[in-house]
Amino acid sequence: MPKGQHYGRARTRAYTSEYHRINANVFKSLLTKPLGNYSLNTEHLSNDHQKLTLKENKNGIRYVTFAINDKPHHIALKLDNRSASNKLYITCPYCHKQRQSLYAIKYAYGCRKCIGLHYASQSERPNERLMRRIRKLRKELWGYDWPDVNNMFEQVAYWPKPKWMKWKTFEQKRGKITELEKKYWPMVITQMKTTFGDNFISDYQN
Ligand SMILES: [Zn+2]
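All values reported here derive from a predicted model rather than from experimental measurement.

(A) Spatial organisation of the packing of aromatic side chains. Applying the stated criterion across every chain, the model contains 7 aromatic pairs. Ring geometry for Phe153 against Trp185: centres 5.0 Å apart, planes inclined by 35°, an arrangement best described as tilted. Within this pair, whereas Phe153 is found in the loop between helix H4 (126-142) and helix H5 (167-196), its partner Trp185 is found in helix H5, the two being separated by 32 residues in sequence. You can call Phe153 exposed: its relative accessible area is 68%.

Dropping the structure here:
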């Protein structure tokens, strides 16, 4: 297995809440202050992430520079004059796109896209969504206390009919779950293959 590949998934699955976010608003006062050295007053940030120099280019655009790990990070401050609110945007040092916020990571500031962060809700994979749905439908039939209700390795084919339910209704509902279960495993296998490449050997037999 190539080095690092094993942990590829863990590395890319970071959530934005784990990082410190700075909003463009934080810099708004710098639009009118004298050029020079300033510091962000936040205990969550490293020294390098706090200290900045305010400069202005020859076109009159103000930008701040952070020296993080001895490398300069330039972030332009851009006021959106088209809107009545005069919203301030800051540019990402990597893609130079205007953003409402940037994230502090170990040796950089970057936008969500460049850092590759996911919001928790966006990061749910289709198979995870399907798993949630299967578990929900199972609970409707067998209840939260049923021993294997969350166990995806168990299939519902031989689980008993709840006493109060008509056979016809039960078979219909169970059939629906079975149908979803059949979709679930191939999806998981496909996703594992993308994550682990050819190093993953499938036990699944269709
Ligand atoms: Zn970016």
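(B) Main features of the pairing of strand S8 (residues 101-105). Burial within S8 is extensive, with 4 of its 5 residues counted as buried. Across 4 bridges, the pairing between strand S1 (residues 20-23) and S8 is antiparallel. Following the sheet pairing, Arg21 is matched in S8 by Tyr103. In the sheet, S8 pairs with strand S9 (residues 108-110) via 3 bridges, with the strands oriented antiparallel. Residue Ala104 lies in a different strand from S9, and its bridge partner there is Tyr109. Count of turn residues in the S8/S9 antiparallel hairpin: 2 residues.

(C) Highlighting the side chain of Arg174. Relative to the helices and strands, Arg174 resides in helix H5. Of the side chains bearing the opposite charge, Glu171 lies closest to the buried Arg174, which forms no salt bridge; the N-O distance is 4.6 Å. Setting aside chain neighbours within four positions, we find Arg174 in contact with Leu141, Trp142, Val156, Ala157 and Trp159.

(D) Structural detail: the sheet that holds strand S7 (residues 98-99). Pairing is antiparallel across the open sheet formed by 6 strands, whose spatial order is S2-S3-S4-S5-S6-S7. Where the open sheet ends on each side, the last strands, each with one partner, are strand S2 (36-39) and S7. Both strand S3 (residues 51-56) and strand S4 (residues 62-68) contribute to a ladder of 5 bridges, which runs antiparallel. Residue pairing in the sheet places Leu52 in a bridge with Phe66 of S4.

What counts as what
Residue numbers run consecutively from 1 along every chain, following the written order of its sequence. Whole-chain, interface and lining totals are the exception, using all residues; otherwise, since this is a predicted model, local features are given only for residues with pLDDT of at least 70 and side-chain atom pairs are given and counted only at 80 or more. Only hydrogens and water are set aside when side-chain values are computed; all heavy atoms of the structure are taken into account. Between 30 and 60 degrees the pair is tilted, below 30 it is stacked and above 60 it is edge-to-face, where a pair is any two Phe, Tyr or Trp rings, Trp via its six-membered ring, whose centres lie within 6.5 Å. Helix and strand assignments follow DSSP, with helices taken as H or I runs no shorter than four residues and strands as E runs no shorter than two, numbered in order from the N terminus. Accessibility here uses a 1.4 Å probe with only protein chains present; expressed as a share of the type maximum, an area under 20% marks a residue as buried, one over 50% as exposed, and anything in between as partly exposed. Strand pairing is assigned whenever DSSP identifies at least 2 bridges connecting the two strands. Positive: Lys, Arg. Negative: Asp, Glu. His and the chain ends are not part of the count. A pairing counts as a salt bridge when a side-chain nitrogen of Lys or Arg comes within 4 Å of a carboxyl oxygen of Asp or Glu. Here a residue-residue contact requires only that any non-hydrogen atoms of the pair lie within 4.5 Å.

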